[in-house]
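In case you want the letters, here they are:
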Amino acid sequence: MPSTPRPLRRLGFLTIGLFDGADPGRGHESTLEIIELGERLGFDSAWVRHRHLQYGISSPVAVLAAASQRTSRIELGTAVIPLGWENPLRLAEDLATVDLLSGGRLNPGVSVGPPMHYEQVKEALYPDTADVEDFSYERVRRLLDFVRGKPATDFSGVEGFEVFSDVVQPHSAGLGRRLWYGGGSLGSARWAGEHGMNFLTSSVVRAGDEADAYDFAGIQLSHIREFRARHPDGEAARVSQGLVVIPTDSATPGQRAKYEAYAAKRLPRTTTPQGPGRLLFAPDVVGTSAEIVEQLHAHAAFREVDEVAFALPFTFEHEDYVQILTDMATRLGPALGWHPAAAA
């Protein structure tokens, strides 16, 4: 039997932060303005997506450091940092620093696996160790240990006038509970649960081998349930869903046509698994808030969560994002049972 939809408790959004290579500053400023708008509208969280060697945010931790100084309440997340590009110890230092600067509002989401186009980039990224780098879950475990305060060295104490710590500094005590794993497979869900992380789902999952199993919502539901079955907090373990959702309530006719064309262009990839990774994509959800509520309540995985980080489309204009976020906060969210956060 289908479960009853839970009232939406936390509403967030995700942006990729595109920019023009000839004027990258303006794109980063637009991202910061969108995060500021999200706070004014009462969103609970704003998330940025990581892109390397592309015209998107390559340094989300730095961007969120800036956002932390222009906001006071909204939580700030990464969805996700691909750890194949990172040194876990150095990243732990950066994350703790930004968490303290934000007053404990950082929600770092990470994932594992080799960097995209690794054969083309490995000599620049790891010129001496490319063939022995470990891109498994072990890389996440190292980050978890460093953030949670486990020793990084067997040396500590005073040397001359300098004092050394055996754990990463600064240490932000609550950050270890706000680490998220971005996963689209049953194995990822299981690992994240067993290691006490939170779980980020998105509009992508890995499909099974059987043609009759190409049910996105059903696959994602199985991941959520496996995660919670393995997590110490059980049913209370945090899961956030990140579908692409585009409300059109206050959109102009031109905007509606653009949004519908965008979704239609991406629809064919949702019917069968794509590529060697057998990735299955969810259809974008476009329509009035009333229409979107109906579709979401019919989504088996959505009925299992009470927090979301709806993804903004990649290629829209700043004014489109303003309209979409405003409709989310003033119409869609309340229709899903959500209440805007109070100003700090």
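Just so it is clear, the model here is predicted, and its values are computed rather than measured.

Draft legend 1. Just the overall build of the protein, in detail. Along the protein, the regular secondary structure elements total 10 helices and 14 strands. The C-alpha radius of gyration computed for the protein amounts to 20 Å, which stays within 12% of the reference 20 Å derived for 344 residues, consistent with globular compactness. Looking at the 344 residues of the protein, the share that counts as buried comes to 52%. For the protein, the share of sequence-separated contacts (at least 6 apart) that also reach a separation of at least 24 residues comes to 73%. Approximately 15600 Å² of the protein is accessible, and the part contributed by carbon and sulfur atoms is 54%. The averaged location of the 44 negative side-chain charges in the protein is 4 Å from the averaged location of its 33 positive side-chain charges.

Draft legend 2. The arrangement of the packing of aromatic side chains in detail. In total, this model carries 14 aromatic pairs according to the counting rule given. A ring pair is formed by Tyr 137 and Trp 191, whose centres lie 5.1 Å apart and whose planes are at 15 degrees; its orientation type is stacked. A residue pair is termed long-range when its members are at least 10 positions apart, and Tyr 137 in the loop between α4 (118–125) and α5 (138–147) and Trp 191 in helix α6 (residues 186–194) qualify at 54 residues. Centroid distance Tyr 262 to Phe 316: 5.0 Å. Interplanar angle 70 degrees. Geometry classified as edge-to-face. A residue pair is termed long-range when its members are at least 10 positions apart, and Tyr 262 in helix α8 (residues 253–266) and Phe 316 in the loop between β14 (307–311) and α10 (318–335) qualify at 54 residues. Counting every residue linked through ring pairs, the aromatic cluster contains Tyr 259, Tyr 262, Phe 316 and Tyr 321. Lying across the ring of Phe 316, Lys 258 places its NZ or CZ 5.6 Å from the centre.

Draft legend 3. Expanded view of the side chain of Asp 44. With respect to the element layout, Asp 44 can be found in the loop between α1 (24–41) and β2 (45–48). No salt bridge forms around the buried Asp 44; measuring N to O, its nearest opposite-charge neighbour Arg 10 is 4.4 Å away. Apart from residues lying up to four places away in sequence, Asp 44 is in contact with Arg 9, Arg 10, Leu 11, Arg 73, Ile 74, Glu 75, Trp 338 and Ala 341.

Draft legend 4. Inspection of the packing of helix α3 (residues 88–101) against α5 at higher detail. At a closest axis distance of 9 Å, the pairing of α3 and α5 adopts a crossing angle of 45 degrees. As far as their axial angle goes, α5 and α3 are oblique. Where α3 crosses over α5, the handedness of that crossing is right-handed. Here Pro 88, Leu 89, Leu 91, Ala 92 and Leu 95 of α3 come into contact with α5, specifically with Arg 139, Arg 142, Leu 143, Phe 146 and Val 147. Classifying every residue of the contact of α3 with α5 gives eight nonpolar, no polar and two charged.

Draft legend 5. View of the sheet that holds strand β1 (residues 10–15). Here eight strands make up an open sheet; going across it, the order is β10-β8-β7-β4-β3-β2-β1-β14 and the pairing parallel. Because the sheet does not close on itself, it has two edges, and the strands there are β10 (239–240) and β14. As paired strands, β1 and β2 are joined by four bridges and run parallel to one another. Within β2, the position partnered with Thr 15 by the bridge is Val 48.

Draft legend 6. Quick peek at helix α2 (residues 60–68). Taken as a whole, α2 has its buried residues at Pro 60, Val 61, Val 63, Leu 64, Ala 67 and Ser 68. Along the long axis of α2, the arc covered by the buried residues comes to 155 degrees, so they all point the same way. Buried residues along α2 sit against α1, β2, β3 (75–82), α3 and β4 (106–111).

Draft legend 7. Looking closely at the pairing of β3. The buried count for β3 comes to seven of eight residues, which makes it a mostly enclosed element. Sheet topology places β2 next to β3; four bridges connect them, and they run parallel. Within the sheet, the bridge partner assigned to Val 48 lies in β3 and is Thr 78. In this fold, β2 hands off to α2, which returns the chain to β3; that crossover is right-handed. In this sheet, β4 lies alongside β3 in parallel orientation, the contact comprising five bridges.

Draft legend 8. Seen up close, the nonpolar core. Counting residues in hydrophobic clusters, the biggest one holds 90 residues, and the most contacted among them are Phe 43, Met 197, Phe 310 and Leu 325. In this structure, Phe 310 is in contact with Leu 11, Gly 12, Phe 13, Leu 14, Gln 241, Leu 243, Val 245, Leu 296, Met 328, Leu 332 and Leu 336, ignoring residues within four places of it in sequence.

Draft legend 9. Structural detail: the pairing of β4. Burial analysis of β4 places six of its six residues in the buried class, which makes it a mostly covered element. Burial of β4 is two-sided: the residues Leu 106, Pro 108 and Val 110 facing one way and the residues Asn 107, Gly 109 and Ser 111 facing the other way are all buried. Viewed along the sheet, the connection from β3 through α3 into β4 turns out right-handed.

Draft legend 10. Looking closely at α8. With 14 residues, α8 extends 20 Å between its outermost C-alpha atoms, agreeing within 8% with the 20 Å of an ideal straight helix rising 1.5 Å per residue. Those residues of α8 that are buried lie in contact with β11 (245–247), β13 (285–287) and α10.

Draft legend 11. Molecular detail of the side chain of Arg 49. With respect to the helices and strands, Arg 49 occurs in the loop between β2 and α2. There is no salt bridge for the buried Arg 49, and the closest opposite charge comes from Asp 284, which lies 9.5 Å off by N-O distance. Within polar-contact distance, the side chain of Arg 49 engages the backbone oxygen of Ala 79 at 3.4 Å. The residues touching Arg 49, leaving out its near neighbours within four places in the chain, are Leu 14, Thr 15, Ile 16, Ile 57, Ala 79 and Phe 314.

About the cut-offs
Residues numbered from 1 in each chain as written. Predicted model: local features only at pLDDT ≥ 70, side-chain atom pairs only at ≥ 80, totals over all residues. Heavy atoms only, no water. Helix = DSSP H or I, 4+ residues; strand = E, 2+ residues; numbered from the N terminus. Rg over C-alpha atoms; globule rule 2.2 N^0.38 Å. Buried < 20%, exposed > 50% of the residue type's maximum accessible area, 1.4 Å probe, protein only. Contact = heavy atoms within 4.5 Å. Areas by Shrake-Rupley, 256 points an atom, 1.4 Å probe, with all protein chains shown as cover. Lys, Arg positive; Asp, Glu negative; His and termini not counted. Charge placed at Lys NZ, Arg CZ, Asp CG, Glu CD. Phe/Tyr/Trp six-rings, centres within 6.5 Å; stacked < 30°, edge-to-face > 60°. Lys NZ or Arg CZ within 6 Å of the ring centre and 35° of its normal. Salt bridge = Lys/Arg side-chain N within 4 Å of Asp/Glu carboxyl O. Axes fitted to C-alpha atoms, helices over the stretch in contact; angles between N-to-C directions. Parallel < 35°, antiparallel > 145°, perpendicular 65-115°, else oblique. Left-handed = near helix turned anticlockwise from the far one by under 90°. Nonpolar A, V, L, I, M, F, W, Y, C, P; charged D, E, K, R; others polar. Pairing = 2+ DSSP bridges. Arc of directions from axis to C-beta. Right-handed = clockwise from strand over helix to strand, strands pointing away. Core = buried A, V, L, I, M, F, W, Y, C linked by side-chain atoms within 4.5 Å. Expected span 1.5 Å × (residues − 1). Polar contact = N/O pair within 3.5 Å; in protein donor to acceptor, adjacent residues only side chain to side chain.

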